[in-house]
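One letter stands for each residue in the lines below.
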Amino acid sequence: QVQLVESGGGLVQPGGSLRLSCAASGITFRLYAMAWYRQAPGKQRELVASITAGGDTNYADSAKGRFTMSRDNAKNTVFLQMNSLKPGDAAVYYCNARLGVAGPYWGQGTQVAVSS
């Protein structure tokens, strides 16, 4: 059974930082490409950042220079370090895992709120 469990969300002031984590189980984690998506109320889910099995990263324009995605294959976990947060970053953040025709698998999401 595949499980992706996100954590680390919360309320932060504009300009603040959060570090999201996604712990995976039930997959051979090191083989999977992983990604973070987000969905704000009334908007479509959008890709924020992704990382290949080899560790190459890609970011949405809105995340470049502020967010950093990384993975720890020993812990079956991916991270999203988010700095200089803006009100527009507020959303539910979802972890995603995919490997060819396997998946995509999704976590349950973690809420990020940015407000003063």
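This report concerns the structure included in the present document. What you see is a predicted model; the values in this text were computed from it and never measured.

## Re the overall build of the protein
Then comes step 1: When its secondary structure is counted, the protein shows 0 helices and 11 strands.
Then comes step 2: Along the protein, from the amino end to the carboxyl end, the secondary structure elements read β-β-β-β-β-β-β-β-β-β-β.
Then comes step 3: In terms of C-alpha radius of gyration, the protein reaches 13 Å, essentially the compact-globule figure of 13 Å for 116 residues.
Then comes step 4: Within the protein, the proportion of its 116 residues that are buried is 41%.
Then comes step 5: Considering only intrachain contacts with a sequence separation of at least 6, the fraction spanning at least 24 residues in the protein is 54%.
Then comes step 6: Carbon and sulfur atoms form 48% of the exposed surface of the protein, whose accessible area is close to 6000 Å².

## Some points on the state of the cysteines
Then comes step 1: Inspection of the entire model under this criterion finds 1 disulfide.
Then comes step 2: Paired by a disulfide, Cys22 and Cys95 hold their sulfur atoms 2.1 Å apart. Looking along the S-S bond of the Cys22-Cys95 disulfide, the torsion reads about -80°, which is the left-handed sense. Here the residue Cys22 occupies a position in strand 3 (residues 18–25), and Cys95 occupies one in strand 9 (residues 91–99), the gap between them amounting to 73 residues.

## Describing the pairing of strand 8 (residues 77–82)
Then comes step 1: In terms of burial, strand 8 is a largely internal element, 5 of the 6 residues being buried.
Then comes step 2: Strand direction decides the pairing type here: strand 3 and strand 8, joined by 6 bridges, are antiparallel. Within strand 8, the position partnered with Arg19 by the bridge is Gln81.
Then comes step 3: Here strand 7 (residues 67–72) pairs with strand 8 via 6 bridges, running antiparallel. Paired with Asp72 across the two strands is Thr77, which belongs to strand 8.

## Section: the pairing of strand 3
As a general feature of sheets, a regular strand has side chains that alternate between the two faces.
Then comes step 1: Pairing analysis gives 5 bridges linking strand 1 (residues 3–7) to strand 3, with the strands arranged antiparallel. What sits directly across from Leu4, in strand 3, is Ala24.

The rules behind each value
- Residues numbered from 1 in each chain as written.
- Predicted model: local features only at pLDDT ≥ 70, side-chain atom pairs only at ≥ 80, totals over all residues.
- Heavy atoms only, no water.
- Helix = DSSP H or I, 4+ residues; strand = E, 2+ residues; numbered from the N terminus.
- Rg over C-alpha atoms; globule rule 2.2 N^0.38 Å.
- Buried < 20%, exposed > 50% of the residue type's maximum accessible area, 1.4 Å probe, protein only.
- Contact = heavy atoms within 4.5 Å.
- Areas by Shrake-Rupley, 256 points an atom, 1.4 Å probe, with all protein chains shown as cover.
- Disulfide = S-S within 2.5 Å.
- Pairing = 2+ DSSP bridges.

Function cannot be read off these values alone, since they describe shape.
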